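Residues per chain, in single letters:
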There are 2 protein chains.
Amino acid sequence: MPKVNKTKYALLGVLTVMPGSGYDIKKFCDYSISHFWNENYARIYPVLKEMEREGLVDKSVEQNEGRPQKNIYSITPLGEAELEQWLLEPAEETPARCEFLLKLFFADRIPRENLLQKIAAEKLKNEKLLEVYNQKAEHLAQSAETNSHKNLQLWLAAVNYGRCNAQASIRWCDETLESLKEEIIL
Amino acid sequence: MPKVNKTKYALLGVLTVMPGSGYDIKKFCDYSISHFWNENYARIYPVLKEMEREGLVDKSVEQNEGRPQKNIYSITPLGEAELEQWLLEPAEETPARCEFLLKLFFADRIPRENLLQKIAAEKLKNEKLLEVYNQKAEHLAQSAETNSHKNLQLWLAAVNYGRCNAQASIRWCDETLESLKEEIIL
DNA sequence: GTATCCATGTAACCAGTTACATGATTGC
DNA sequence: GCAATCATGTAACTGGTTACATGGATAC
């Protein structure tokens, strides 16, 4: 299986939502999809250039007085076709690498207290995440009343995925903290 | 923040459980920690060599008639110290990249039927995973009766993490399938 | 005056994957 | 006879991160 450039499809996807600059795309990623997808400038700019060469996106330059000039990219029909073809294929799994669980697995090498702290931190992290997801869901629901974009249902589903997993993680933290504390008493 | 070589710590960790060859380590990874950590030969062999140079592991060569010779690595006190120091630090988050959710997010570009199939596949995948976790938990519990290794509690916790998340994913799939089907009816 | 935002990019580096190379043994 | 397992490694490549470079505008 050839390694494919996922960044390309992520950028094409964002450009279907709105044409924009590399900077705009980065903002969109950080705000809207960062809980399941991340991109950084050092990938965005070269990949945009490459896609322009391939005819997947068009570039137009926006001159602004006072501000730096902006390269506005928009997706071409060829780009749309390529994106859609990729969307149809089943999602590939990337090999899991969760550092938290790796440390848990070997934690008999460190004081139990340190492990408990780690789990407590993990719980807190997920509680904050859950809060963020709830706000996002609310925000999406509100946007439905005003400009109602067609993606609402799908975007809510993506947020709910985060919610479900955060809730599950919190529950796991509670259970695990309990079971590890019991062990200390014994 | 300097990028640190996580593979190094994973290998050191495995070597605290049992000394062994690169091949053995790979087997251990695939069997015991693959649901949250993965390594491949092309990283394992060079990193073992490098760690030998650094004095973190010792190598001894095992001659076997009929079979290829084996390089048996074991962790040194220096290696243990380095591992433990790393274990004490908080786990770093790697930027999320979940292709499944990315495709969901942009799925208004593809037929709804294709999306439903993807979610159904995701559900099936998690059901199978859950089955694997349950078997692993049982296997761990049984090993406690016989040779009772000290890591039992932690290893069970790691398996339970997988269980919790798989259950959460299955629930999300059910809910999402429901809500997407309702939309079709409307 | 200081920090943040807007805006685009490059260079160097490291991590990780795929494919290739080799070859004996064991199980079906 | 064929596939899988045991066993170790290298080369080439791609992906992704960090750090660097630049510089005006706006907000506090």
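To keep things clear, this report deals only with the structure shown in the data block.

Rules of the game
- Position numbers for residues count from 1 along each chain, tracking the sequence in the order it is written.
- Each chain is given a letter, starting from A, and each ligand a number, starting from 1, according to the order in which they appear as written.
- Per-residue local features are limited, in this predicted model, to residues with pLDDT of at least 70; the limit for side-chain atom pairs, both in listing and counting, is 80 or more; totals at the level of whole chains, interfaces and linings are taken over all residues.
- Side-chain metrics rest on all non-hydrogen atoms present in the structure, leaving aside hydrogens and water.
- Each helix is a run of H or I in the DSSP string that is no shorter than four residues. Each strand is a run of E no shorter than two, and both are numbered from the N terminus.
- Per-residue accessibility, obtained with a 1.4 Å probe over protein chains only, is compared with the maximum for each type, and a residue is labelled buried under 20%, exposed over 50%, and partly exposed between these values.
- Least squares is the method for superposing the copies, and the C-alpha atoms it fits come from residues with pLDDT of at least 70 in both.
- For this analysis, residues touch if any pair of their heavy atoms sits within 4.5 Å.
- Two N or O atoms count as a polar contact when they lie within 3.5 Å, although within protein this holds only if one can serve as hydrogen donor and the other as acceptor, and sequence-adjacent residues are included solely when both atoms are side-chain atoms.
- Accessible area, probed at 1.4 Å, shrinks when two parts are joined; the buried area is that loss added up over both.
- Here, a salt bridge means any Lys or Arg side-chain nitrogen found within 4 Å of an Asp or Glu carboxyl oxygen.
- In this classification, the charged set is Asp, Glu, Lys and Arg, the nonpolar set is Ala, Val, Leu, Ile, Met, Phe, Trp, Tyr, Cys and Pro, and all remaining amino acids, among them Gly, are polar.

Let us now look at the overall build of chain A. The helix and strand inventory of chain A stands at seven helices and two strands. Secondary structure elements of chain A, listed N to C terminal, follow the sequence α-α-α-β-β-α-α-α-α. Its C-alpha atoms put chain A at 70 × 45 × 40 Å along the principal axes. A buried classification covers 44% of the 186 residues belonging to chain A.

Right, let's talk about the environment of Glu92 of chain B for a bit. All names here are of chain B. Examined against the element boundaries, Glu92 turns out to sit in the loop between helix H4 (77-88) and helix H5 (99-105). What makes Glu92 partly exposed here is its relative accessible area of 33%. For the pair Glu92 and Phe106, spaced 14 residues apart in sequence, the C-alpha to C-alpha distance is 29 Å.

Between the two copies, chain B and chain A, the superposition gives an RMSD of 0.0 Å; the rotation angle is 180 degrees and the shift along the axis is 0.0 Å. Here the two chains are linked by the operation of a two-fold rotation axis.

So, on to the side chain of Ser169 of chain A. Among the secondary structure elements, Ser169 of chain A is positioned in helix H7 (residues 152-185). Not counting the four nearest positions on each side in its chain, Ser169 of chain A is found in contact with Asn126 of chain A together with Tyr161 and Asn165 of chain B.

When you line up the elements, Asn114 of chain A lands in helix H6 (residues 112-146). A polar atom in the side chain of Asn114 of chain A sits 2.5 Å from the side chain of Lys118 of chain A. In this structure Asn114 of chain A touches Leu87 and Leu88 of chain B, once residues within four positions along its chain are discounted.

With 70 residues of chain B at the contact, the number on the chain A side is 70 residues. Taking both sides of the interface into account, the surface hidden between chain B and chain A amounts to around 6500 Å²; carbon and sulfur atoms contribute 62%. Three residues, Arg97, Phe105 and Arg109 of chain B, lead the burial of chain B against chain A; their summed loss comes to 13% of the area buried on that side. Taken together, the connections running from chain B to chain A amount to 10 salt bridges. For Arg109 of chain A, the salt bridge identified is with Glu80 of chain B, shortest N-O distance 3.3 Å. For the interface between chain B and chain A, the tally reads 40 residue pairs in polar contact (both at pLDDT 80 or more). Those elements giving two or more residues to the side of chain B that touches chain A turn out to be helix H1 (6-17), helix H2 (22-33), H4, H5, helix H6 (112-146) and helix H7 (152-185) of chain B. Sort the elements by how many residues they give to the side of chain B that touches chain A and H7 of chain B lands first, with 17 residues. For the side of chain B that touches chain A, the per-class residue count stands at 35 nonpolar, 16 polar and 19 charged.

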